[in-house]
Amino acid sequence: MLNIVIFGAPGSGKGTQSDKLIEKYRLFHISTGDVLRDNIKRGTELGAIAKDYIDKGQLIPDDLMVSILADVLDANREQARVGVIFDGFPRTIAQAQALDAMLAERGTGVTAVVGLEVPEEELVQRILLRGKLSGRADDNLETVKNRLDVYHNQTAPLRDYYQKQGLYRAIEGLGAIDDIFGRICAVVDALD
Ligand code: AMP
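Residues numbered from 1 in each chain as written. Predicted model: local features only at pLDDT ≥ 70, side-chain atom pairs only at ≥ 80, totals over all residues. Heavy atoms only, no water.

Draft legend 1. Region of the structure containing the pairing of strand 4 (residues 112–117). Across the six residues that make up strand 4, a large majority, five, are buried. Relative to strand 4, strand 1 (residues 2–8) runs parallel, the two being bridged by five bridges. Its bridge partner being in strand 4, Val5 is matched across the sheet by Val113. The sheet contact formed by strand 4 and strand 5 (residues 168–172) spans five bridges and is parallel. Paired with Val113 across the two strands is Tyr168, which belongs to strand 5. (Buried < 20%, exposed > 50% of the residue type's maximum accessible area, 1.4 Å probe, protein only. Helix = DSSP H or I, 4+ residues; strand = E, 2+ residues; numbered from the N terminus. Pairing = 2+ DSSP bridges.)

Shown next, in the form of structure tokens:
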């Protein structure tokens, strides 16, 4: 199984590159942000809880997020058998530990963590542009700063967590989408 965590700050291109990866490698894509936004759209109880956090640029509590991820994995056992792209999860050390445990229970583990590295000024510009183009509610100037702070405080330490396990692969996340994708493919093709 090829289980890839696509890792990076908001606006680093995780969603864009995940779409290309699933097409090329036929992996199952789990974007926790998409799962939450879908719940908001459908007006579920989970969606109502998630909306408050997302609008403030805060993280959904770990326990809730971990149980959501376990449900998605269980509901898609067949498709997930080839491998999974984890996009937007884990975002905290606690989530990373829970992911390790969840995958171990299923007889597998994280194969590699692809870290998209993009300078801060570029992130802000990309997020604001995405907000204009897609109308994504949390892509606005007020929320961006908070999301980047949350990233630095809670998510960036995962780089070290995975580096210590020899799983982290840094990717230069600047340039043309296809060039960045080429760098990622070179890493993925060299796995196993
Ligand atoms: P994303 O689409 O990955 O940028 O996620 C959008 C928002 O959803 C984030 O700013 C968080 O509020 C929430 N979210 C998504 N994934 C997670 C996660 N793994 N843990 C906590 N909150 C999350």
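Moving on, there is more to tell.
Draft legend 2. Quick peek at the packing of aromatic side chains. Tallied over the full model, the rule gives three aromatic pairs. Between Phe7 and Tyr151, the ring centres sit 6.2 Å apart and the planes meet at 45°, which makes this aromatic pair tilted. With Phe7 in strand 1 and Tyr151 in helix 7 (residues 141–155), this residue pair connects regions lying 144 residues apart in the sequence. The exposure classification of Phe7 matches that of Tyr151, with both residues buried. Where Tyr161 meets Tyr162, the ring centres are 5.1 Å apart and the plane angle is 85°; that geometry is what we call edge-to-face. The buried category is assigned to Tyr161, whose relative accessible area is 18%. Accessibility expressed as a relative area gives 1% for Tyr162, which makes it buried. (Phe/Tyr/Trp six-rings, centres within 6.5 Å; stacked < 30°, edge-to-face > 60°.)

Draft legend 3. Just the sheet that holds strand 3 (residues 83–87), in detail. Taken in spatial order, the five strands make up an open sheet running 2-3-1-4-5, and their pairing is parallel. Lying at the two open borders of the sheet, with one neighbouring strand each, are strand 2 (28–31) and strand 5. Pairs of neighbouring strands in the sheet enclose a mean axial angle of 20°, with direction left out of account. One ladder, built from five bridges, connects strand 1 with strand 3; its direction is parallel. Bridge assignment links Leu2 to a residue of strand 3, and that residue is Gly83. Taken strand by strand, helix 9 (residues 177–189) contacts strand 1, strand 4 and strand 5, and its axis lies near 155° from that of strand 5. (Axes fitted to C-alpha atoms, helices over the stretch in contact; angles between N-to-C directions. Contact = heavy atoms within 4.5 Å.)

Draft legend 4. View of the environment of Lys24. Relative to the assigned elements, Lys24 resides in helix 1 (residues 14–25). Once the C-alpha coordinates of Lys24 and Thr111 are considered, the two residues, 87 residues apart in sequence, prove to be 17 Å apart. When near neighbours in sequence (up to four residues on either side) are disregarded, Lys24 contacts Phe181, Cys185 and Asp189.

Draft legend 5. Seen up close, the pattern of salt bridges. Applying the stated rule across the entire model yields 16 salt bridges. Lys51 is the partner of Asp55 in a salt bridge, and the nearest nitrogen-oxygen pair spans 2.5 Å. Here Lys51 and Asp55 lie together in helix 3 (residues 45–56), a separation of four residues that amounts to about one turn. For Asp55, a relative accessible area of 35% translates into the label partly exposed. Of the residues examined, Lys51 reaches a relative accessible area of 38% and is grouped as partly exposed. In this structure, Lys145 and Asp149 form a salt bridge, with 3.1 Å as the shortest nitrogen-oxygen distance. Linking Lys145 with Asp149, this pair stays in helix 7, spanning four residues, or about one helical turn. For Asp149, a relative accessible area of 32% corresponds to the partly exposed category. It is possible to trace a salt-bridge network through shared partners that takes in Arg130, Arg136, Asp138, Asp139 and Arg147. (Salt bridge = Lys/Arg side-chain N within 4 Å of Asp/Glu carboxyl O.)

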